[in-house]
Amino acid sequence: MNVTRDARGVYAIAPTPFTADGLVDFASLDRLMDFYREAAVDGLTILGQLGEAPKLSHDEAVAVASRVIARTDVPVIVGVSAPGFAAMKELSSAVVDAGAAGVMIAPPNTLRTDDQIVSYYRQASSAIGPEVPFVIQDYPLTFSVVMSPTVIQRIANECESCVMLKHEDWPGLEKISTLRRLEAEGAMPRLSILCGNGGLFLDFETERGADGAMTGYCFPEMLVDVVALTADGHREQAHDLFDAHLPLLRYEQQPGIGLAVRKYVFHRRGILDSETQRAPAIRLSERARAEVDYLLERLARHDKRAGSE
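Reading the values: rules and limits
- Residues numbered from 1 in each chain as written.
- Predicted model: local features only at pLDDT ≥ 70, side-chain atom pairs only at ≥ 80, totals over all residues.
- Heavy atoms only, no water.
- Helix = DSSP H or I, 4+ residues; strand = E, 2+ residues; numbered from the N terminus.
- Buried < 20%, exposed > 50% of the residue type's maximum accessible area, 1.4 Å probe, protein only.
- Axes fitted to C-alpha atoms, helices over the stretch in contact; angles between N-to-C directions.
- Parallel < 35°, antiparallel > 145°, perpendicular 65-115°, else oblique.
- Left-handed = near helix turned anticlockwise from the far one by under 90°.
- Contact = heavy atoms within 4.5 Å.
- Nonpolar A, V, L, I, M, F, W, Y, C, P; charged D, E, K, R; others polar.
- Pairing = 2+ DSSP bridges.
- Right-handed = clockwise from strand over helix to strand, strands pointing away.
- Salt bridge = Lys/Arg side-chain N within 4 Å of Asp/Glu carboxyl O.

Novice: When you look at the environment of Ala 86 in this model, what are you seeing that I'm missing?
Specialist: For Ala 86, the position within the fold is in helix α3 (residues 85-98). By relative accessible area, Ala 86 is classed as exposed at 65%.

Novice: Explain the packing of helix α11 (residues 258-268) against helix α12 (residues 286-300) to me, please; I cannot follow it from the model alone.
Specialist: When two helices pack together, their arrangement is captured by the angle between the axes and the distance separating the axes. Remark: α11 packs on α12, axes separated minimally by 11 Å, with the N-to-C direction vectors making an angle of 60°. The angle between the axes of α11 and α12 places the two elements in the oblique class. For the pair α11 and α12, the sense of crossing is right-handed. Between α11 and α12, the contacting residues are Val 261, Tyr 264, Val 265 and Arg 268 on the first element and Arg 289, Val 292, Asp 293 and Leu 296 on the second. Here the contact of α11 with α12 is composed, by residue class, of five nonpolar, no polar and three charged.

Novice: How should I be thinking about the pairing of strand β4 (residues 102-105) in this particular structure?
Specialist: Every other side chain in a regular strand lies on the same face of the sheet, so the side chains alternate between the two faces. The alternating pattern of β4 places Gly 102 and Met 104 on one face and Val 103 and Ile 105 on the opposite face, and all of these are buried. The pairing of strand β3 (residues 76-79) with β4 spans three bridges and is parallel. Bridging from a neighbouring strand, Val 78 pairs with Val 103 of β4. The handedness of the β3 to β4 crossover, carried by α3, is right-handed. Since β4 and strand β5 (residues 134-138) lie parallel, the crossover through helix α4 (residues 114-128) that links them has a hand, and here it is right-handed.

Novice: Looking at this structure, how should I read the pattern of salt bridges?
Specialist: Note that side chains of opposite charge can pair when their charged atoms are close. According to the stated counting rule, one finds 28 salt bridges in the structure shown. For Glu 168, the salt bridge goes to Lys 166, with nearest N and O atoms at 3.2 Å. Overall, the relative accessible area of 5% leaves Glu 168 in the buried class. Judged by relative accessible area, Lys 166 falls into the buried class, the value being 4%. Here Asp 293 ties to Arg 268 by a salt bridge, and the two come within 2.6 Å at their closest N and O atoms. One end of the pair, Asp 293, is in helix α12; the other, Arg 268, is in helix α11, with 25 residues separating them in the sequence. With a relative accessible area of 18%, Arg 268 lands in the buried category. In this structure, a network of salt bridges that share partners links the residues Arg 8, Arg 180, Glu 183, Arg 190 and Asp 211.

So, in structure tokens, the structure goes:
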């Protein structure tokens, strides 16, 4: 079930659950997979930045990926970013053998020029194997690597196994429009474009030509609904639903505490047994928890799904 350049919909980014003492919580992971199935997501992405991948050992990462892949019937993309290609290849091979649909690769923050970025992805593709579909993670706010549309065009043209762009540039609406124009002109092959940033700009990103979302907002049901409503031409309904979630979405998108907010809400919703992150971690203050509770109460007036605990 390899991911392709025609992938569409919502690929939810799953957090990695931990017990209160910091062990991988496989019972909560199973429950999380059941929740995503009920939310009707189109795919899953695991072991990314907000999956706390750098805090896992290689064996733990493979165990988590294998459990997720066995528990779901949607395509699973696995983050395999690593300081060197040897570790990237080892993890990629293991998760592909387990049934992963593709892998996601973030650029190291040492890349500066266009040629360096293109060369890196060319080498990464060769290292993991040209038969393995990969996703470019374009998140300059975190990785400090700026990828122009021309760079993405070059990677797509040179690497047949590049099938998707995880678009997290900010602002980035014009980038989406430019990439779709280059595709229409035949200057590059089509890439699936799924957007991150917590979904903060999803309402307009889909209108610009994005195929959906790849993010971990704590109400993936909303993301699924917005993408579907937009595709069906129900613009006002899509924006109304998105606007109702925007205060909580914005709060969750705060750098540093975003994952803490997400895990807290998943814990409140009865999906995770614990909101624990592995150290180093940032915990929510009691004041922050009260603010999230308040936002959930307000959201429940417009979306009853926010009222469940």
